[in-house]
Amino acid sequence: MTHPKNTKYRILIVEDDFASRSLLASYFEKEGYAVTETEQADDLCGRVHQEHIDLVLLDISLPGKDGLTLTRELRSVSNVGIILVTSKGDEIDRIVGLELGADDYVTKPFNPRELLVRAKNLLWRVKDSQLV
């Protein structure tokens, strides 16, 4: 069942693993979100601004700049929603990611329904704060 009202939300998935990225994209597209995918984070801040991204699903372990560095850079210029998605279960990465400004953290393997609910709740908060 798709939800056309979700198409107003744009999600950018930054994940270097093709299978994980495709899986995430299909979950959100089935729910009616507008999804963009990339395997690298070159000019992430610029893309978020130019493409009017509402939520970034960001893998921590990326080639080049890692997700924690990107979270810090992105948060310095944007209030976009950020959910870190990673295979790392390390508590330190989770804490550092949240301290750097990530809104949430999901460890692989994750329940897709849980990730969708977390994303939906975050999008509501992000959009509501922009209306104030």
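Going by the structure above, here's the rest.
Within any chain, residue numbers begin from 1 and follow the written order of that chain's sequence. Only residues with pLDDT of at least 70 get local features here, since the model is predicted, and only at 80 or more are side-chain atom pairs given and counted; chain-wide, interface and lining totals rely on the full set of residues. Hydrogens and water molecules were not included; the side-chain quantities draw on all heavy atoms of the structure.

**Re the overall build of the chain**
To be explicit about the condition: Secondary structure counts use DSSP, requiring at least four H or I residues in a row for a helix and at least two E residues in a row for a strand, with both numbered from the N terminus. For the exposure calls, accessible area comes from a 1.4 Å probe over protein chains only, and a residue counts as buried if that area is under 20% of its type's maximum, exposed if over 50%, partly exposed in between. Should any heavy atoms of two residues lie within 4.5 Å, those residues are counted as being in contact. Throughout, the Shrake-Rupley method with a 1.4 Å probe supplies accessible areas, and for residues the shown protein chains are the sole cover considered.
A tally of helices and strands in the chain yields 5 helices and 5 strands. Mapped from its N terminus to its C terminus, the chain presents α and β elements in the order β-α-β-α-β-α-β-α-β-α. Taking all 132 residues of the chain together, the buried fraction comes to 45%. Within the chain, counting contacts between residues at least 6 apart in sequence, those at least 24 apart form 63% of the total. Accessible surface computed for the chain: about 7,100 Å², of which carbon and sulfur atoms make up 52%.

**Topic: the environment of Ser26**
To keep it simple, the criterion reads: In the analysis that follows, any N or O atom pair within 3.5 Å is treated as a polar contact, provided that within protein one partner can donate a hydrogen and the other can accept it, and provided that, for residues neighboring in sequence, both atoms belong to side chains.
Here Ser26 lies in helix 1 (residues 18-30). A distance of 2.9 Å separates a polar atom in the side chain of Ser26 from the backbone oxygen of Leu23.

**Observations regarding the pairing of strand 3 (residues 55-59)**
This is how the line gets drawn: Each pair of strands is called paired provided DSSP finds at least two bridges between the two strands.
Most of strand 3 sits inside the fold, with 5 of its 5 residues counted as buried. Residues of strand 3 alternate between two faces, with Leu55, Leu57 and Asp59 on one and Val56 and Leu58 on the opposite face, all of them buried. Across 4 bridges, the pairing between strand 1 (residues 10-14) and strand 3 is parallel. Bridge assignment links Ile11 to a residue of strand 3, and that residue is Leu55. Pairing between strand 3 and strand 4 (residues 81-86): 5 bridges, direction parallel. Paired with Leu58 across the strands is Leu84, a residue of strand 4.

**Here's the deal with the pattern of salt bridges**
Formally: Salt bridge criterion: a side-chain nitrogen from Lys or Arg within 4 Å of a carboxyl oxygen from Asp or Glu.
Scanning the model with the defined rule gives 9 salt bridges in all. Residue Arg21 is joined to Glu39 by a salt bridge in which the shortest nitrogen-to-oxygen separation is 4.0 Å. Taken together, the residues Arg21 in helix 1 and Glu39 in the loop between strand 2 (34-38) and helix 2 (44-50) connect sequence positions 18 residues apart.

**Section: the nonpolar core**
The line we're drawing: Here, nonpolar core means buried Ala, Val, Leu, Ile, Met, Phe, Trp, Tyr and Cys residues that are tied together by side-chain atoms lying within 4.5 Å of each other.
By size, the foremost hydrophobic cluster in this structure holds 20 residues, and its most contacted members are Phe28, Leu55, Leu57, Ile83 and Leu115. Looking at this core, the element that brings in the most residues is helix 5 (residues 112-131), giving 6 residues. The residues contacting Ile83, other than those within four sequence positions of it, are Leu55, Val56, Leu57, Leu58, Asp104, Tyr105, Val106, Leu115, Arg118, Ala119 and Leu122. The next biggest cluster of nonpolar side chains, apart from the first, holds 18 residues, and it includes Leu44, Val48, Val80 and Leu84.

**Overview of helix 3 (residues 67-77)**
As a reminder of what qualifies: By construction, the arc corresponds to the directions joining the helix axis to the C-beta atoms.
Those residues of helix 3 not exposed but buried are Gly67, Leu68, Leu70, Thr71 and Leu74. Buried residues in helix 3, looked at end-on, bunch into an arc of 155 degrees, giving them a common side. Summarising the geometry of helix 3, the exposed residues directed more than 90 degrees from the buried face are Ser76 and Val77. Elements in contact with the buried residues of helix 3: helix 2, strand 3, strand 4 and helix 4 (91-99). The backbone nitrogen of Leu68 has a side-chain oxygen 2.8 Å away, supplied by the residue at the start of helix 3, namely Asp66.

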